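# Observations on chain architecture
The chain contents come next:
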Amino acid sequence: MAKRKAFITGITGQDGSYLAEILLEKDYEVYGMIRRSSSFNTARIDHIFGDIELLFGDLTDGSVLNRLMRTIRPDEVYNLGAQSQVHVSFQVPEFTADVTGMGTLRLLDAIREEDLKCRFYEAGSSEMFGQVAETPQTETTPFHPRSPYGVAKVFGYWITRNYREAYGMFAVNGILFNHESPRRGPTFVTRKTTRAIGAILRGEQNELRLGNLDSKRDWGFARDYMQGAWQMLQADEPDDYVLATGETHSVREFLDEAFGYAGLDWNDYVKIDERYFRPAEVDFLLGDASKAKEKLGWEPTVRFPELVRMMVDHDRERRHTEEHYV
Ligand code: NAP
Ligand code: G4F
């Protein structure tokens, strides 16, 4: 039997690298879209370079997306590519809307144009809940995004649903709460913290500048969430699912756990810096993944303390060059 083909946008990112590994384990042919960069941007996937096919493209370039869909004819498409930094989205709102919102439409439309019968996964976000209308947040909680990024993701969510309803596409939204790992981008608060701890322990850094320590997030392990994304595309019917741990912690609690595990007191190192505050904040997120548990049999395998330790251990053992993602 021919191997199933999967196409991943954002394959060089945290989630894309885990998803590519998961799909290779399941014997898929994996195709990934990468962007041209003036420096290397494939550190997270270098260890599987020989097993996957990488093709240049961009979510802002519809003609390339059309060509890739026509030539690859994938069975499954995972749209993970995005300008994914919430804070940065306030500085480049139009670009964020173009990549993170319109990019989803371009990819869906490339699939429709080619009349592909493939299944489509959209990387939706708990940022869509924003100023939360209820707790915990589920698939039926109304959206109230608080950033250009969140607004772009709401567009991605609805255009995915629209293509499902209008054209009968097997198109699903994962509504994923924050998920982290040793491969997490270095500007997100968890990895910024664990990298700083490694540098402090090596005597290379003596302060960590952060913004709002009071916001709370439902933090899980990225690989678990990519396993869930794959499960969504194996279901009998297309639907939308929340993935979350059902536990919430403040940034301050993350600092307690991470610095405490390293034998340090964060009060000795953390400085509050106004530059890291956002024009509008998402104060509180807590997800209820009951639907994914019941319908897909999905379960998170890594809890908060284990996740923090995994990241601290990684960053204290290795120097920060992005050669060391695996
Ligand atoms: P990430 O590490 O920031 O990776 C983003 C990926 O998108 C990278 O491969 C990046 O390529 C690519 N990309 C950026 N701009 C692009 C463009 N114009 N065209 C094509 N690709 C582009 O993000 P992640 O944490 O893996 O998240 C994956 C997806 O899930 C994103 O859509 C994110 O918004 C969403 N999400 C993430 C979380 C989370 O907690 N991690 C939660 C909910 C939703 P380069 O490497 O070249 O920059
Ligand atoms: O780590 P963060 O930047 O993640 P945020 O904004 O929750 O977004 C992440 O999760 C979303 C899912 O809900 C994804 F859709 C999105 O793509 C991304 O992966 O910030 C977490 C919290 C915020 O409240 C922020 O204000 O940490 C606070 N924070 C405090 N100091 C900081 C810092 N965040 C960052 N990045 N850097 C700081 O210095």
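Residues numbered from 1 in each chain as written. Chains lettered and ligands numbered in written order. Predicted model: local features only at pLDDT ≥ 70, side-chain atom pairs only at ≥ 80, totals over all residues. Heavy atoms only, no water.

Let's shift gears to the nonpolar core. A general feature of soluble globular proteins is that nonpolar side chains tend to end up buried together. Judged by nonpolar contacts, the single largest core of 59 residues is most densely connected at Ile8, Leu23, Tyr78, Tyr121 and Phe259. Element by element, the count of residues in this core is highest for helix α7 (residues 222–234), at seven residues. Residues contacting leucine 23, with those up to four places away along its chain left out, are Ala6, Ile8, Tyr28, Val30, Tyr78 and Trp230. (Core = buried A, V, L, I, M, F, W, Y, C linked by side-chain atoms within 4.5 Å. Buried < 20%, exposed > 50% of the residue type's maximum accessible area, 1.4 Å probe, protein only. Helix = DSSP H or I, 4+ residues; strand = E, 2+ residues; numbered from the N terminus. Contact = heavy atoms within 4.5 Å.)

The next subject is the site of ligand 2. Taken together, the neighbourhood of ligand 2 is formed by 24 residues, with Ser125, Ser126, Ser215, Arg278 and Glu281 sitting nearest. Within the contact set of ligand 2, an oxygen atom lies 2.8 Å away from a side-chain nitrogen or oxygen of tyrosine 149. Taking arginine 217, its side chain carries an N or O atom lying 2.7 Å from an oxygen atom of ligand 2. Burial of ligand 2 by the protein amounts to 95% of the accessible area it has alone, namely 710 Å². By residue class, the composition of the shell around ligand 2 is eight nonpolar, nine polar and seven charged. (Near = heavy atom within 4 Å. Polar contact = N/O pair within 3.5 Å; in protein donor to acceptor, adjacent residues only side chain to side chain. Areas by Shrake-Rupley, 256 points an atom, 1.4 Å probe, with all protein chains shown as cover. Nonpolar A, V, L, I, M, F, W, Y, C, P; charged D, E, K, R; others polar.)

The terminal C-alpha atoms of helix α10 (residues 304–317) lie 20 Å apart, and with 14 residues this matches the ideal 20 Å at 1.5 Å per residue to within 8%. Among the residues making up α10, those that are buried are Phe304, Leu307, Val308, Met311, Val312, His314 and Asp315. Down the axis of α10, the buried set is contained in an arc of 160°. They therefore lie on one face. On its buried face, α10 is in contact with β7 (179–180), α6 (189–201), β10 (220–221), β12 (249–250) and α8 (251–261). (Expected span 1.5 Å × (residues − 1). Arc of directions from axis to C-beta.)

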